[in-house]
Amino acid sequence: MSTPTILIIDDDPDFVEVTKVILETKQYNVEAAGNPTEGWEMLQKDIPDVLILDVMMGRGAEGFVMARKLRKDPRYNEMPILMLTSMREQTGFDFPGERIHAKFLPVDDYIEKGGEPKILLEKIEQQLAKKGGK
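1. Quick word on the pairing of strand 3 (residues 50–54)
Thought 1: By the criterion of burial, strand 3 is predominantly enclosed, with five of the five residues buried.
Thought 2: The pairing of strand 1 (residues 5–9) with strand 3 spans four bridges and is classified as parallel. Each residue of the ladder has a partner; that of Ile9, found in strand 3, is Leu53.
Thought 3: As paired elements, strand 3 and strand 4 (residues 81–85) share four bridges and run parallel to each other. Note on strand 4: the bridge partner recorded for Asp54 is Leu84.

2. Observations concerning the nonpolar core
Thought 1: Core analysis: the biggest nonpolar cluster contains 19 residues, and Ile9, Leu43, Leu51, Leu53 and Leu70 have the highest contact counts within it.
Thought 2: Breaking this core down by element, the ones donating at least two residues are strand 1, helix 2 (36–45), strand 3, helix 3 (62–72) and strand 4.
Thought 3: Ranked by residue count, the leading element in this core is helix 3, at four residues.
Thought 4: Apart from residues lying up to four places away in sequence, Leu53 is in contact with Ile9, Gly63, Met66, Ala67, Ile81, Leu82, Met83 and Leu84.
Thought 5: Ranked by size, the runner-up nonpolar core spans 17 residues in total, among them Phe15, Val16, Tyr28 and Leu121.

3. What about the sheet that holds strand 1?
Thought 1: In spatial order, the strands read 2-1-3-4-5; together these five strands make up an open sheet with parallel pairing. Looking at the sheet topology across the chains shown, the edges are occupied by strand 2 (29–33) and strand 5 (109–112). This sheet shows a mean twist of 25 degrees between the axes of neighbouring strands, independent of strand direction.
Thought 2: Sitting on the sheet, helix 5 (residues 117–131) touches strand 1, strand 3, strand 4 and strand 5, and the angle it makes with strand 5 is about 165 degrees.

4. Here's the deal with the environment of Lys20
Thought 1: Note on placement: Lys20 falls in helix 1 (residues 13–24).
Thought 2: The spatial distance from the C-alpha of Lys20 to the C-alpha of Glu31 is 8.0 Å, given a sequence separation of eleven residues.
Thought 3: Discounting chain neighbours no more than four positions away, the residues touching Lys20 are Ile8 and Val30.

5. Some thoughts on the side chain of Gln127
Thought 1: Inspection of the secondary structure puts Gln127 in helix 5.
Thought 2: By relative accessible area, Gln127 is classed as buried at 2%.
Thought 3: Those residues within four positions of Gln127 in sequence are excluded, and the remaining contacts are Val50, Pro80, Leu82, Asp108 and Asp109.

6. Quick word on helix 2
Thought 1: Of all the positions in helix 2, only Pro36, Gly39, Trp40 and Leu43 are classed as buried. The buried side chains of helix 2 occupy one side of the element, clustering within an arc of 100 degrees when seen end-on. Counted as exposed and oriented over 90 degrees from the buried face of helix 2: Thr37 and Lys45.
Thought 2: Along its buried surface, helix 2 packs onto strand 1, strand 2 and helix 3.

The rules behind the values
- Residues numbered from 1 in each chain as written.
- Predicted model: local features only at pLDDT ≥ 70, side-chain atom pairs only at ≥ 80, totals over all residues.
- Heavy atoms only, no water.
- Buried < 20%, exposed > 50% of the residue type's maximum accessible area, 1.4 Å probe, protein only.
- Helix = DSSP H or I, 4+ residues; strand = E, 2+ residues; numbered from the N terminus.
- Pairing = 2+ DSSP bridges.
- Core = buried A, V, L, I, M, F, W, Y, C linked by side-chain atoms within 4.5 Å.
- Contact = heavy atoms within 4.5 Å.
- Axes fitted to C-alpha atoms, helices over the stretch in contact; angles between N-to-C directions.
- Arc of directions from axis to C-beta.

Any functional reading would require information beyond the geometric quantities listed.
Below, the structure is given as structure tokens:
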């Protein structure tokens, strides 16, 4: 079985570096893009086993736009998307009700930015298991 590849698309280089180190402790191949354009280019070449996508990049919620674009493209139907949010950290509020909505925000799960590494790893493993990659 090959080593799973995780792609992080986030414009915060410090967060990317810390997350990369955490994921590499589990022997994942980790790649990173600093913005949606670079991420899209990487996705054209190779589809990762899991995508970690930041909501807020560039001029606003570019992660929302990218998640929707990916789900409209059949090549990425099977690729799990974990959406990074710092909603609680920045506002003190969380998303109300059901967080995953196929039309509004078609992602597989959420990760709170700056949360516990253990939770990040558990969510990655859950997505890989669903996909059949672990």
